[in-house]
Amino acid sequence: MKKKIRGVIFDLDGVVVNSPLDFQKIKKKIGLNSDEPLLESIEKIKNPERKKRAHQILKEEEKKAASLSTLKRDVLSLFDFLERKEIKKALVTRNNEEAVRIVLEKFDLKFDAIITREDAPPKPSREPIILACKRLKLSSEEVVLVGDYKFDIIAGKNAGVKTFLLKDRDSSFCELADVVISSLKEIKDIISSEGVMQ
């Protein structure tokens, strides 16, 4: 059965904003040489003091990057379109709450629900997506997720929402997504032409 799109969940960095966050540089600063993603690498630090310091370094770097971030093209017109259509918006990010607040205030962005890593285990866990749907008061069938990385798509799939991959240069995980787009404008076109997802 076709379900009307009533909510869109957005990732932050790479989807709503361009961020100068350099994970390799941060790893170096912390003293990590793991190939694993940053948050997962920090969680494996055994020494509590070292782990606390690592989290602090990451938080400061995220806040700095947030203040230097730039808005992605088509964000404002898409948000305006979603508001006119009465489609709710949620933000689900692996970022910290303070950095998110900096971005939202900088660009005057409003969301109906915001989930950071302080609220739920970070993506690729499905938990933040499920929590976002709950806060939007929508079923997973009424929601689409827009992300730019495999963790977004995996989290969305496991939570039962339709997934849109905003493709940049790397297309190595395109096959994971339900829909691959190259600009946010395409979301407007899809909703305007269909308004529903298969």
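Note that the structure is a prediction, hence the values are computed from the model and not measured.

(A) Seen up close, the packing of helix α3 (residues 48-68) against helix α5 (residues 97-107). Two elements in contact, α3 and α5, have axes separated by 8 Å at closest approach and are oriented at 10°. Relative to α5, α3 is oriented roughly parallel. Between α3 and α5, the contacting residues are Lys59, Glu62, Lys63, Ala66, Ser67 and Leu68 on the first element and Glu98, Ala99, Ile102, Val103 and Lys106 on the second. Taken together, the residues of the contact of α3 with α5 break down into five nonpolar, one polar and five charged.

(B) Structural view of the side chain of glutamate 61. Within the secondary structure, glutamate 61 is located in helix α3. Beyond its immediate chain neighbours, meaning those up to four positions away, glutamate 61 contacts Leu21, Ile26 and Lys29.

(C) The arrangement of the sheet that holds strand β6 (residues 113-115) in detail. Overall, parallel pairing links the six strands, which are arranged β6-β5-β2-β7-β8-β9 in an open sheet. At either margin of the open sheet sits one strand with a lone partner, and together these are β6 and β9 (179-181). For this sheet the average axis-to-axis angle between neighbouring strands, irrespective of direction, equals 20°. Note that strand β7 (residues 143-147) and strand β8 (residues 162-166) share four bridges and pair parallel. Within the sheet, the bridge partner assigned to valine 144 lies in β8 and is lysine 162.

(D) Quick peek at helix α1 (residues 23-30). Listing the buried residues of α1 in full gives Ile26, Lys27 and Ile30. Seen end-on, α1 carries its buried residues on one side only, within an arc spanning 105°. Within α1, the exposed residues directed more than 90 degrees away from the buried face are Gln24, Lys25 and Lys28. Looking at the buried side of α1, the elements it contacts are α2 (38-43) and α3.

What counts as what
Residues numbered from 1 in each chain as written. Predicted model: local features only at pLDDT ≥ 70, side-chain atom pairs only at ≥ 80, totals over all residues. Heavy atoms only, no water. Axes fitted to C-alpha atoms, helices over the stretch in contact; angles between N-to-C directions. Helix = DSSP H or I, 4+ residues; strand = E, 2+ residues; numbered from the N terminus. Parallel < 35°, antiparallel > 145°, perpendicular 65-115°, else oblique. Contact = heavy atoms within 4.5 Å. Nonpolar A, V, L, I, M, F, W, Y, C, P; charged D, E, K, R; others polar. Pairing = 2+ DSSP bridges. Buried < 20%, exposed > 50% of the residue type's maximum accessible area, 1.4 Å probe, protein only. Arc of directions from axis to C-beta.

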